[in-house]
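Take a look at the letters that make up each chain.
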Amino acid sequence: MNKDLTVGKPESVLWKFCIPLLGSVIFQQLYNIADSLIAGRCIGKQALAAVGNSYEITLIYLAFAFGCNIGCSVVVSRLYGAKQIRDMKTAISTTFIFTGILCLALMLIGFTYGELMLKVINTPDDIFTPSLLYLNIYTLGLVFLFFYNIATGIFSALGDSKTPFVFLAFSSVSNVLVDYIFVKYLHMGIAGVAWATFLCQGVSCVASLVVLFKRLKNTTHSGDKAEKTKLFSGKIFLAIIKIAIPSTLQQSFISVGNIFIQGIINGFGSSVIAGYSAAIKLNNMVITTFSALGNGMSNFTAQNIGAGKNDRIKKGIFAGLKLAFLICVPVIIMYFFFGGFFVNIFMNKGDAHALKVGVDFLKVVAWFYLVISLKLVCDGVLRGTGSMTCFMIATFSDLILRVVLAYKFSKLWGYIGIWSAWPVGWTIGTILSIIFVSLIVRRLETNKESRYTYE
């Protein structure tokens, strides 16, 4: 059900909203590893390599889908908070229209230049054909990927984090089961892995859209003018892409930055690569969790700005930080003191050096989860307020520093120097985010608005 995030005790409201988002992280990770796990165990190392190889390209698609999700979610949150339901529905139809056009364009590019993209990333000949097959089927399912992300973004904007959680849980679990059936019993090979994702994402997308349209039909407000809802608004479109483009660029820069860092790591040999690969999976689980909390902060902030209740934003920030720190403490203890156990889960036994590399990574970065959690909460507030220039400065400063310093430090201290770049980048980016949020919150507290609209 829709939830008004502008009423009630901020801490209670925010926590109830964010906990399902955090639960979704578990199933999102399940979704991410299912294809690789089943391809590797049930088909062979070439299938595993093909899925992993195509993953770098699919991250580009995911970056665009994420940008559309965030752009739509923030704008819809504001209008819902302002009880401008007619304009909110226009924002949703506007998003569907431009997302459909963007999706078709990306599908055309994907089918036309798929082979070229695989050549650009130096795909080996022995996995080129399965990589292209997997990528083409994945590209065919982009329509489901994009509209599913839009639907979940709208649910979150309406204060409903439970419905996206249910759909994601269903999609993730069913994807694992269908993956296994297609590959193990129907012997479909790499195509089975891709078609399983296509099918499960398609069912979840259609089901979420059906529920969403029913929800929107019953969402009205007496304060709206008795006018027909417009299907498209240029002003609302500009407001959405103002949020969507920086969010897309952020995700794209992360992917590009990771490619550069991977290149530096590759120079240290297979054991370092294996240790890093295991440790970075553990690290990404934590970062994804804090990112989900940041998305919740975006919706909370945007709804309250829309309602003109700017004084609640500071209380929401403290509530978000409290929740983040409660997550940080056990994770730091597990990773710092028991890192070897967790690294072993993701790698083959017998390589003591690789294990040490993974443990060293966790020991370097674990304590700084307190820092990055603070940044991602603040980033959520920046997106919710529409302060995307500040968001980009803080985010890209972090990303650029991590890449540049990883290269510099690796010359001084070897692979340990690469890990040391993470805390420095996180700390500088966090300081910038805190400064920007402090200035913006102070301005909002002295500039209260009772209504919010783009028209």
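### Here's the deal with the overall build of the chain
Looking only at helices and strands, the chain has 14 helices and zero strands in total. Its helices and strands in sequence order give the chain the pattern α-α-α-α-α-α-α-α-α-α-α-α-α-α, from N to C terminus. In terms of overall dimensions, the chain has C-alpha extents of about 65 × 45 × 35 Å along its principal axes. Looking at the 455 residues of the chain, the share that counts as buried comes to 56%. Contacts in the chain between residues far apart in sequence, at least 24 positions, make up 84% of those at least 6 positions apart. Roughly 19700 Å² of accessible area belongs to the chain as shown, and the carbon and sulfur atoms make up 68% of that amount. For the chain, the distance from the average site of its 38 positive side-chain charges to the average site of its 20 negative ones is 6 Å.

### What to know about the confidence of the model for the chain
When the pLDDT values of the chain are averaged, the result is 88; 93% of them are 70 or greater. Mean pLDDT values for the elements of the chain range from 81 in helix α1 (residues 10-43) up to 96 in helix α12 (residues 369-384).

### With respect to the pattern of salt bridges
All told, the structure shown has eight salt bridges when counted by the stated rule. Among the salt bridges present, the one from D4 reaches K83, with a minimum N-O distance of 3.0 Å. Linking D4 in the segment before α1 with K83 in the loop between α2 (45-81) and α3 (85-120), this pair joins segments that are 79 residues apart in sequence.

### Considerations on a nonpolar patch on the surface
A grouping of F111, L140, Y180, I181, Y185, L186, M188 and W195 is seen on the molecular surface, where their side chains present a nonpolar patch of about 760 Å² in accessible area. Counting residues per element, the nonpolar patch draws most heavily on helix α6 (residues 162-185), at three residues. Within the secondary structure, Y185 is located in helix α6.

### Comments concerning the layout of surface pockets
Reported here for the second largest pocket is a volume of approximately 360 Å³. What lines the second largest pocket is a set of 15 residues, among which I26, M285, V286, T289 and V331 lie closest to the centre. Residue assignment for the lining of the second largest pocket shows that the elements contributing at least two residues are α1, α9 (270-306) and α10 (311-345). Top element by residues in the lining of the second largest pocket is α10. It accounts for seven residues. Of the residues contributing to the lining of the second largest pocket, the split by class is 13 nonpolar, two polar and no charged.

### Some words on the packing of helix α5 (residues 142-157) against helix α7 (residues 189-217)
As a packed pair, α5 and α7 sit with axes 9 Å apart at the nearest point and diverge in direction by 40 degrees. Both α5 and α7 take part in a crossing whose hand is left-handed. Where α5 abuts α7, its residues F144, L145, F147, Y148, A151, I154 and F155 lie against F198, Q201, G202, S204, C205, S208, L209, V211, L212 and R215. Of the residues belonging to the contact of α5 with α7, the class tally is twelve nonpolar, four polar and one charged.

### Remarks on the packing of helix α13 (residues 388-413) against helix α14 (residues 415-445)
Relative orientation and spacing of two packed helices are given, respectively, by the angle between their axes and the distance between those axes. Closest axis-to-axis distance for the α13/α14 pair is 7 Å, and the angle between their directions is 160 degrees. It follows from the interaxial angle that α13 and α14 lie roughly antiparallel. The two elements α13 and α14 cross, and the hand of that crossing is right-handed. When grouped by side-chain class, the residues that make up the contact of α13 with α14 number 19 nonpolar, seven polar and two charged.

### Considering the packing of aromatic side chains
In this structure the tally under the stated criterion is 25 aromatic pairs. Consider the rings of Y335 and Y369, whose centres lie 6.1 Å apart with planes at 65 degrees: the pair is edge-to-face. One end of the pair, Y335, is in helix α10; the other, Y369, is in helix α12, with 34 residues separating them in the sequence. For Y335, a relative accessible area of 6% translates into the label buried. The ring of Y80 carries the charged tip of K83 above its face, separated from the ring centre by 5.2 Å. Across from the ring centre of F336, 5.8 Å away, lies the NZ or CZ of K363, which sits over that ring.

### Some thoughts on helix α4 (residues 125-140)
End to end, α4 covers 23 Å across 16 residues, agreeing with the expected 22 Å (1.5 Å per residue, within 8%). For α4, the full list of buried residues reads I127, F128, S131, L132, Y134, L135, I137, Y138 and T139.

### Topic: the nonpolar core
Counting 75 residues, the largest nonpolar core has F290, Y335, F361, Y369, I418, W419 and W422 as its most contacted members. Here the element with the most residues in this core is α9; it accounts for 15 residues. In contact with F290, other than residues within four places in its own chain, are A324, I327, C328, Y369, I372, S373 and L376. If you look at the next biggest cluster of nonpolar residues, it comprises 56 residues, including I38, L135, L212 and I240.

### A short note on unusual backbone geometry
A positive phi angle is found at K83, which is not glycine, with a value near 60 degrees. Of note, the phi angle at H187 is positive, near 55 degrees, even though the residue is not glycine. Relative to the assigned elements, H187 resides in the loop between α6 and α7.

### Looking at the environment of W15
Note that W15 resides in helix α1. Along the sequence, W15 and S410 sit 395 residues apart, while their C-alpha atoms lie 40 Å from each other. Ignoring any residue separated from it by four or fewer positions in sequence, one finds W15 in contact with A319, K322, L323 and L326. Polar contacts involving the side chain of W15 include one to the main-chain carbonyl oxygen of A319, which spans 3.0 Å.

Parameters and conventions
Residues numbered from 1 in each chain as written. Predicted model: local features only at pLDDT ≥ 70, side-chain atom pairs only at ≥ 80, totals over all residues. Heavy atoms only, no water. Helix = DSSP H or I, 4+ residues; strand = E, 2+ residues; numbered from the N terminus. Buried < 20%, exposed > 50% of the residue type's maximum accessible area, 1.4 Å probe, protein only. Contact = heavy atoms within 4.5 Å. Areas by Shrake-Rupley, 256 points an atom, 1.4 Å probe, with all protein chains shown as cover. Lys, Arg positive; Asp, Glu negative; His and termini not counted. Charge placed at Lys NZ, Arg CZ, Asp CG, Glu CD. pLDDT = per-residue confidence, 0-100. Salt bridge = Lys/Arg side-chain N within 4 Å of Asp/Glu carboxyl O. Patch = residues over 30% accessible without salt bridge, like charges linked within 9 Å, V, L, I, M, F, W, Y side chains within 5 Å. 1 Å grid on protein atoms, 1.4 Å probe; cavity = no way out; pocket = protein on both sides within 12 Å on 5 of 7 lines; lining within 4 Å. Points joined across faces, edges and corners; volume = space filled by probe spheres on them. Nonpolar A, V, L, I, M, F, W, Y, C, P; charged D, E, K, R; others polar. Axes fitted to C-alpha atoms, helices over the stretch in contact; angles between N-to-C directions. Left-handed = near helix turned anticlockwise from the far one by under 90°. Parallel < 35°, antiparallel > 145°, perpendicular 65-115°, else oblique. Phe/Tyr/Trp six-rings, centres within 6.5 Å; stacked < 30°, edge-to-face > 60°. Lys NZ or Arg CZ within 6 Å of the ring centre and 35° of its normal. Expected span 1.5 Å × (residues − 1). Core = buried A, V, L, I, M, F, W, Y, C linked by side-chain atoms within 4.5 Å. Polar contact = N/O pair within 3.5 Å; in protein donor to acceptor, adjacent residues only side chain to side chain.

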